[in-house]
Amino acid sequence: MPTKVNNKKASDDQFIKASDLIGLNEEIRLSLMAPDRELMVEVPLRKDDGKIQSFRGYRVQHNNSRGPFKGGIRFHQEVDIDEVRSLAALMTWKTALVDIPYGGGKGGITVDPSKLSNLELERLSRRFFRSIGPIIGINKDIPAPDVNTNAQIMAWFMDEYGMINGHTPGIVTGKPIELGGSLGREAATGRGTAIITRESANFFNLDLSGAKVVIQGFGNVGSFAGKFLDEMGAKIIAVSDVNGGLFEPDGFDLPSLINYNVKNRTIKGCGQGSEISNEELIATNCDFLIPAALGGVIHKMNAEKLNCKVIIEAANGPVTPTADKILFDKNIHVVPDILTNAGGVTVSYFEWVQNLQQLQWEEDEINEKLEKKMVSAFNEVSGFMKQKNTSMRMAAFAVAIDRVAQAYKIRGI
Ligand code: NAD
């Protein structure tokens, strides 16, 4: 079972270690560790049967030294203030790492959306957005989708905000293209993950052509990462989703696997490979293991069993801090989430810029800009890692924290 790792203590521990590396002074440390603002709201929902059910919602604004708060909104039964706090802080470091002019925020509702009808989901989304409305704004805080929220929910948010403030597409990102969403956004996180895998292969002297890749989770991020890596010549030998895994030692026919997954919303029954469990999948012998599903899937109980050379953290927080230490001792490199999956927020930023300018860029232009951002962030992180002889995670945090600290100092208080 995954262990819940997105907690503030774990992210604070990483922050403190990275701050030590850059010699960050104590006063700035304490200020950067604390969220700027936390809003907790009660969200009443009129159910289809006429009864009222109350839910708890959150928006945490961690830091805006470098620009407006930016981060997704998650609908999940396990959402709590601690998780939202930690994810908000991670957004501050992620946006700084890819050097886009944003801070970090996160939000969510403690709800299992699978238990709601579509109309209930719409009413809940709209009511939540009205509740956090006072602290949201195109230059203040720009939400986006996260676990169990999507382009449709962003459309409802935008519509709700627009009723009071006028048409404002830039108030959220990850919108449908018809409402000002960006070309290339859907594939961006997977594309960024593939770019980071390619750069990691170069850096760790592994040949990407024919490299064996294992992907856990075949949703938006996992399937697009697989598609681009397959196109780059890597061999995807194992994949999984919530219904279990498949192993195909000669490599999957990726285009047909993706088609099947799009039609059936699962890889189960696709007719390729042999069935394996998710735990077997994680232990598969490979060059790159890409967890692209949930947090906490690589933990102290299974880290010893891993048989890969590099872990590419496409999901948020897939490796627990204890597993991180075990992997370091086993000489398995971990390319951290704030670097790997930053392609999503990067193209969200491009979406916001297009909305502010009221124009639409070509997809090629977006992909080219994304490529530059990802490669440049990778080079900075790997350069720092070599210079300080530290882990890639520590290097990524250190580069990001230093950037935020510089902005914080220049602004003054
Ligand atoms: P998604 O819902 O599209 O896909 C998730 C996939 O994981 C599905 O295939 C699902 O079946 C699978 N899954 C769920 N439980 C599983 C389990 N127990 N074992 C194996 N597979 C399981 O979600 P997504 O948008 O692809 O996001 C995946 C991860 O990437 C999340 O951690 C998310 O926070 C992170 N992320 C996503 C984006 C983005 O732009 N979508 C950006 C940054 C980070």
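For the structure itself, consult the block above.
Every chain begins its residue count from 1, and numbering advances along the sequence as written. Local features in this predicted model are restricted to residues of pLDDT 70 or higher, and side-chain atom pairs are both shown and tallied only at a pLDDT of 80 or more, whereas totals for entire chains, interfaces and linings draw on every residue. Note that the side-chain values use all heavy atoms of the structure and ignore hydrogens as well as water.

Caption draft 1: Structural view of the packing of aromatic side chains. Aromatic rings from Phe, Tyr and Trp, with only the six-membered ring used for Trp, were paired whenever their centres fell within 6.5 Å, and each pair was classed as stacked if the ring planes differed by under 30 degrees, edge-to-face if by over 60, and tilted otherwise. If you walk through the whole model with that rule in mind, you get eleven aromatic pairs. Each ring, one from Phe-129 and one from Phe-157, has its centre 4.3 Å from the other, and the planes form 10 degrees; the classification is stacked. A residue pair is termed long-range when its members are at least 10 positions apart, and Phe-129 in helix H4 (residues 118–132) and Phe-157 in helix H5 (residues 151–165) qualify at 28 residues. With a centroid separation of 5.0 Å and 75 degrees between ring planes, the pair formed by Phe-203 and Phe-204 is classed as edge-to-face. Among the residues examined, Phe-203 registers a relative accessible area of 24% and is labelled partly exposed. Classification of residues uses two cut-offs on accessible area relative to the type maximum, computed with a 1.4 Å probe and protein chains only: under 20% is buried, over 50% is exposed, and between them is partly exposed. Judged by relative accessible area, which is 15%, Phe-204 ranks as buried. The way it works is that DSSP assigns letters per residue, a run of H or I at least four long becomes a helix, a run of E at least two long becomes a strand, and they are numbered from the N terminus.

Caption draft 2: Molecular detail of the sheet that holds strand E5 (residues 141–145). Strand pairing requires that DSSP identify at least two bridges connecting the strands. If you walk across this open sheet you meet the five strands as E1-E2-E4-E3-E5, and the pairing is mixed. Lying at the two open borders of the sheet, with one neighbouring strand each, are strand E1 (37–46) and E5. Neighbour-to-neighbour, the strand axes of this sheet turn through a mean angle of 20 degrees, independent of strand direction. Interaxial angles span 0 to 180 degrees and are taken between N-to-C directions of axes, which are lines fitted to C-alpha atoms, for helices over the stretch in contact.

Caption draft 3: Spatial organisation of the pattern of salt bridges. Whenever Lys or Arg places a side-chain nitrogen within 4 Å of a carboxyl oxygen from Asp or Glu, that contact is recorded as a salt bridge. As enumerated under the stated definition, the model contains 26 salt bridges in all. Between Lys-175 and Glu-351 there is a salt bridge, with the nearest N and O atoms lying 2.7 Å from each other. Taken together, the positions of Lys-175 in the loop between H5 and helix H6 (185–203) and Glu-351 in helix H12 (residues 343–357) put the pair 176 residues apart, joining distant regions of the chain. You can call Lys-175 buried: its relative accessible area is 5%. Counted as one network, the salt bridges with shared partners bring together Glu-122, Arg-126, Arg-130, Asp-159 and Glu-160.

Caption draft 4: Examining H5 more closely. An expected span of 1.5 Å times one less than the residue number is assigned to each helix. Between the first and last C-alpha of H5 there are 20 Å, a value that for 15 residues agrees with the 21 Å anticipated at 1.5 Å per step. Every buried residue of H5 is listed here: Ile-153, Met-154, Ala-155, Trp-156, Phe-157, Met-158, Glu-160, Tyr-161 and Gly-162. Structurally, H5 contributes buried residues whose contacts are with strand E3 (69–76), H4 and E5. Residue Gly-166 follows H5 closely and has a positive phi angle near 85 degrees. Two residues qualify as a contact provided that any one of their heavy atoms is within 4.5 Å of a heavy atom in the partner residue.

Caption draft 5: Molecular detail of empty space enclosed by the protein. Computed over the protein atoms alone on a 1 Å grid, cavities are sets of points where a 1.4 Å probe fits but cannot get out and pockets are open sets with protein on both sides within 12 Å along at least five of seven lines; a residue lines them when it has an atom within 4 Å of a point. Grid points are joined across faces, edges and corners, and a volume is the space filled by probe spheres set on the points. Counting across every chain of the model gives two cavities of 30 Å³ or more. Roughly 40 Å³ of volume is contained in the second largest cavity. Going through the elements one at a time, helix H1 (8–22), helix H2 (26–33) and helix H3 (81–97) are the ones with two or more residues in the lining of the second largest cavity. The element that contributes the greatest number of residues to the lining of the second largest cavity is H1, accounting for four residues. Classifying every residue of the lining of the second largest cavity by side-chain character gives five nonpolar, two polar and two charged. Only Asp, Glu, Lys and Arg are considered charged, only Ala, Val, Leu, Ile, Met, Phe, Trp, Tyr, Cys and Pro nonpolar, and every remaining residue, Gly among them, polar.

Caption draft 6: A look at the site of the ligand. Nearness of a residue to a molecule or strand requires only that one of the residue's heavy atoms be within 4 Å of it. The environment of the ligand is made up of 20 residues, and the closest members are Thr-189, Asn-220, Val-221, Val-242 and Ala-293. A distance of 2.9 Å separates an oxygen atom of the ligand from a polar atom in the backbone of Val-221. About the coverage of the ligand: the protein hides 72% of its 830 Å² of free accessible area. Counting residues per element, the ones that place at least two in the shell around the ligand are H6, helix H7 (220–231) and strand E7 (235–241). Here the residues of the shell around the ligand are counted per class, giving eight nonpolar, nine polar and three charged. N or O atoms closer than or at 3.5 Å make up a polar contact, with two conditions inside protein: a donor-capable atom paired with an acceptor-capable one, and, for residues adjacent in sequence, both atoms drawn from side chains. Here the open area of atoms and residues is found with the Shrake-Rupley method and a 1.4 Å probe, where only the protein chains shown may cover a residue.

Caption draft 7: Geometry of the nonpolar core. The definition of a nonpolar core used throughout is a set of buried Ala, Val, Leu, Ile, Met, Phe, Trp, Tyr and Cys residues joined through side-chain atoms within 4.5 Å. Leu-32, Trp-93, Val-239 and Phe-288 are the most contacted members of the largest nonpolar core, which has 82 residues in total. The biggest single contributor to this core is helix H14 (residues 392–411), with twelve residues. With near-sequence residues (within four places) excluded, Trp-93 lies in contact with Phe-15, Leu-32, His-62, Ile-338, Phe-397, Ala-400, Ile-401 and Val-404. Core analysis: the next-biggest nonpolar cluster, separate from the first, contains 23 residues, Leu-45, Ile-109, Leu-116 and Ile-132 among them.

Caption draft 8: Spotlight on the pairing of strand E10 (residues 288–291). The alternating pattern of E10 places Phe-288 and Ile-290 on one face and Leu-289 and Pro-291 on the opposite face, and all of these are buried. In this structure, strand E6 (residues 212–216) lies alongside E10, joined through four bridges in parallel fashion. Paired with Val-214 across the two strands is Leu-289, which belongs to E10. In the sheet, E10 pairs with strand E11 (residues 310–312) via two bridges, with the strands oriented parallel. Paired with Leu-289 across the two strands is Ile-311, which belongs to E11.

Caption draft 9: Looking closely at the layout of surface pockets. Quantified by volume, the second largest pocket comes out at close to 580 Å³. Forming the boundary of the second largest pocket are 24 residues, of which Asp-324, Phe-328, Ser-391, Arg-393 and Met-394 lie nearest the centre. Contributions of two or more residues to the lining of the second largest pocket are made by H1, helix H10 (321–329), strand E12 (333–335), helix H13 (363–388) and H14. Looking at side-chain class alone, the lining of the second largest pocket contains nine nonpolar, seven polar and eight charged residues.

Keep in mind these values describe shape, not function.
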